[in-house]
Amino acid sequence: MMSVTSVTVGIDVAKAHVDVCVLGAKSSAQRFDNDAEGHSALAAALQPLDVGLVVMEATGGYEAALACALQATGLPVAVINPRQARDFAKSMGRLAKTDAVDARTLAELAAVLLRRDDLQRFLRPLADERQQWLAALVTRRRQLLTMLHSERQRLQITPKKLHASIEAIEAAIKAQLDEIEEQMVTHVREHFGELDTLLQSAAGVGPVASATMIAELPELGRLNRREIAALVGVAPMANDSGGSKGRRRVQGGRFEIRRVLYMATLTATRYNPAIKAFYERLKAAGKLPKVALVACMRKLLTTLNAMVRTAKPWDKSLHCA
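The rules behind each value
- Residues numbered from 1 in each chain as written.
- Predicted model: local features only at pLDDT ≥ 70, side-chain atom pairs only at ≥ 80, totals over all residues.
- Heavy atoms only, no water.
- Helix = DSSP H or I, 4+ residues; strand = E, 2+ residues; numbered from the N terminus.
- Buried < 20%, exposed > 50% of the residue type's maximum accessible area, 1.4 Å probe, protein only.
- Areas by Shrake-Rupley, 256 points an atom, 1.4 Å probe, with all protein chains shown as cover.
- Lys, Arg positive; Asp, Glu negative; His and termini not counted.
- Charge placed at Lys NZ, Arg CZ, Asp CG, Glu CD.
- Axes fitted to C-alpha atoms, helices over the stretch in contact; angles between N-to-C directions.
- Parallel < 35°, antiparallel > 145°, perpendicular 65-115°, else oblique.
- Contact = heavy atoms within 4.5 Å.
- Nonpolar A, V, L, I, M, F, W, Y, C, P; charged D, E, K, R; others polar.
- Pairing = 2+ DSSP bridges.
- Right-handed = clockwise from strand over helix to strand, strands pointing away.
- Expected span 1.5 Å × (residues − 1).
- 1 Å grid on protein atoms, 1.4 Å probe; cavity = no way out; pocket = protein on both sides within 12 Å on 5 of 7 lines; lining within 4 Å.
- Points joined across faces, edges and corners; volume = space filled by probe spheres on them.
- Arc of directions from axis to C-beta.
- Patch = residues over 30% accessible without salt bridge, like charges linked within 9 Å, V, L, I, M, F, W, Y side chains within 5 Å.
- Salt bridge = Lys/Arg side-chain N within 4 Å of Asp/Glu carboxyl O.

S.K.: Sorry if this is basic, but what is going on with the overall build of the protein chain here?
M.R.: Along its length, the protein chain carries twelve helices and seven strands. By its C-alpha atoms, the protein chain is 60 × 60 × 40 Å across when sized along the principal axes. Counting over 321 residues, the protein chain shows a buried share of 42%. Of the roughly 17,700 Å² of accessible surface on the protein chain, a fraction of 54% belongs to carbon and sulfur atoms. Charge separation in the protein chain, taken as the distance between the mean sites of 44 positive and 33 negative side-chain charges, equals 11 Å.

Here it is, written out as structure tokens:
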């Protein structure tokens, strides 16, 4: 665990600029441009300060280049869910919201995180250019699927004379989707071939699930089974108070990973003997199908995590229900 006296930094990220607050050192709040030059200037300003942790929010991609630039200089960076930061601010009674206030809140949150024994799970591994490009391909594929679904929904409520227009757009989207998927598969094969083969050795995990996990779950194989389950959002959370025992629920986590894991698990409950037996056993014990399926998602995820950590492919003799 890092020293609680370490300097902490909070960065509020916007499209054009970033606001920076430093706690534990004589440094006033500053604003830098959110571009390569601004990132270099910020990194140069922080390096002499013995920074213990830098915290910023995920802002739909505007934070990615800055996080990578700071990590490349050796600074520990945690990119958190904006809801976590806002909940922390509310718990401190801070209802006002400005860029400067948000930066200070993030710096204070960084000081809290430094005291945690599990700090490492907040520090996302540095993504290299290959992984960033794969993440971009995965994201683009997801966007195209959303667009295709929207066009298909419009077809149901659009006069027949306009169907040709919608069908032309659908055809164009499908062509782009095929091209993106081909690029994604080729990129994975060229740069992440061993890891892809390892993940797909588990029945149920296909090319899309494998590529998504490689791109958006770099912590796979680096955390223990409880941490990886909580990170993805398939770990049941207690809801107890006094003598009341509430129902456990899964919540939070990385939605896109959970979505592809759900589809992989649906397939695994049919074609993966270990997951299928586990699923049937839970249903026989009276578990609701959806509850049993979430448990299977957790089992599949933690098994994949162990496989990546040990660099060993799926072995049916080791994965009994």
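Next comes the rest of the write-up.
S.K.: Help me understand the packing of helix α3 (residues 82-91) against helix α4 (residues 99-113), please; the structure alone is not making it clear to me.
M.R.: Pairs of packed helices are described in terms of their axes, by the angle between the two and the distance that separates them. At a closest axis distance of 10 Å, the pairing of α3 and α4 adopts a crossing angle of 90°. When the axis of α3 is compared with that of α4, the two are roughly perpendicular. Along the contact surface, α3 presents Ala85, Arg86, Phe88 and Ala89, while α4 presents Asp102, Thr105, Leu106, Glu108, Leu109 and Val112. Taken together, the residues that form the contact of α3 with α4 break down as six nonpolar, one polar and three charged.

S.K.: Explain the pairing of strand β5 (residues 77-80) here, please?
M.R.: Looking down a regular strand, the side chains alternate between one sheet face and the other. Here strand β4 (residues 51-57) runs beside β5; their pairing, made up of four bridges, is parallel. When the sheet's bridge partners are listed, Glu57 is paired in β5 with Ile80. Running through helix α2 (residues 64-72), the crossover from β4 to the neighbouring parallel element β5 is right-handed.

S.K.: How should I be thinking about α4 in this particular structure?
M.R.: Over its 15 residues, α4 runs 21 Å from end to end, which matches the ideal 21 Å to within 8%, given 1.5 Å per residue. By the burial criterion, the buried members of α4 are Asp102, Ala103, Thr105, Leu106, Ala107, Glu108, Leu109, Ala110 and Leu113. On its buried face, α4 is in contact with β1 (7-13), β2 (17-23), β4, β5 and α3.

S.K.: Help me out: how do you make sense of the sheet that holds β1 in this one?
M.R.: One open sheet accounts for five strands, arranged β3-β2-β1-β4-β5; its pairing is mixed. Taken across any chain shown, the strands that pair with only one partner, and hence form the sheet edges, are β3 (30-33) and β5. Neighbour to neighbour, the strand axes of the sheet diverge by 25° on average, direction disregarded. Here five bridges tie β1 to β4, and the two strands are oriented parallel to one another. Of the residues in β4, the one forming a bridge with Val7 is Val51.

S.K.: Would you mind going over the layout of surface pockets with me for this structure?
M.R.: Think of a ball as big as a water molecule: rolled over the atoms, this probe shows where empty space is left. Volume-wise, the largest pocket comes out at about 1,800 Å³. Counting only elements with at least two residues in the lining of the largest pocket, the list comes to α2, β5, α3, α4, α5 (129-157), α8 (207-216), α9 (225-232) and α10 (255-271). Each pocket or cavity is described by its volume, and for the second largest pocket that value is around 500 Å³. Along the wall of the second largest pocket there are 14 residues; nearest its centre are Arg247, Arg248, Arg249, Val291 and Val294.

S.K.: How do you make sense of helix α11 (residues 273-284) when you look at a structure like this?
M.R.: Residues spaced three or four apart along an α-helix point in a common direction, a consequence of the helix completing one turn every 3.6 residues. For α11, which comprises twelve residues, the first-to-last C-alpha distance of 16 Å matches the rise-based estimate of 16 Å (1.5 Å per residue) to within 8%. By the burial criterion, the buried members of α11 are Ala274, Ile275, Phe278, Tyr279 and Leu282. For α11, the angular spread of the buried residues around the axis is 130°, confining them to a single face. Facing away from the buried side of α11, by more than 90 degrees, are the exposed residues Pro273 and Ala284.

S.K.: Looking at this structure, how should I read a nonpolar patch on the surface?
M.R.: Taken together, the side chains of Tyr262, Met263 and Leu266 make up a nonpolar region of the molecular surface, amounting to roughly 270 Å² of accessible area. Turning to its location among the elements, Leu266 is positioned in helix α10.

S.K.: Sorry, what's going on with the packing of α10 against α11 here?
M.R.: As a packed pair, α10 and α11 sit with axes 6 Å apart at the nearest point and diverge in direction by 90°. With respect to each other, α10 and α11 are oriented roughly perpendicular. When α10 is examined against α11, the residues Ala268, Thr269, Arg270 and Tyr271 are found in contact with a partner set consisting of Pro273, Ile275, Lys276 and Tyr279. Along the lines of polarity and charge, the residues of the contact of α10 with α11 split into five nonpolar, one polar and two charged.

These values are about where atoms sit, not about what they do.
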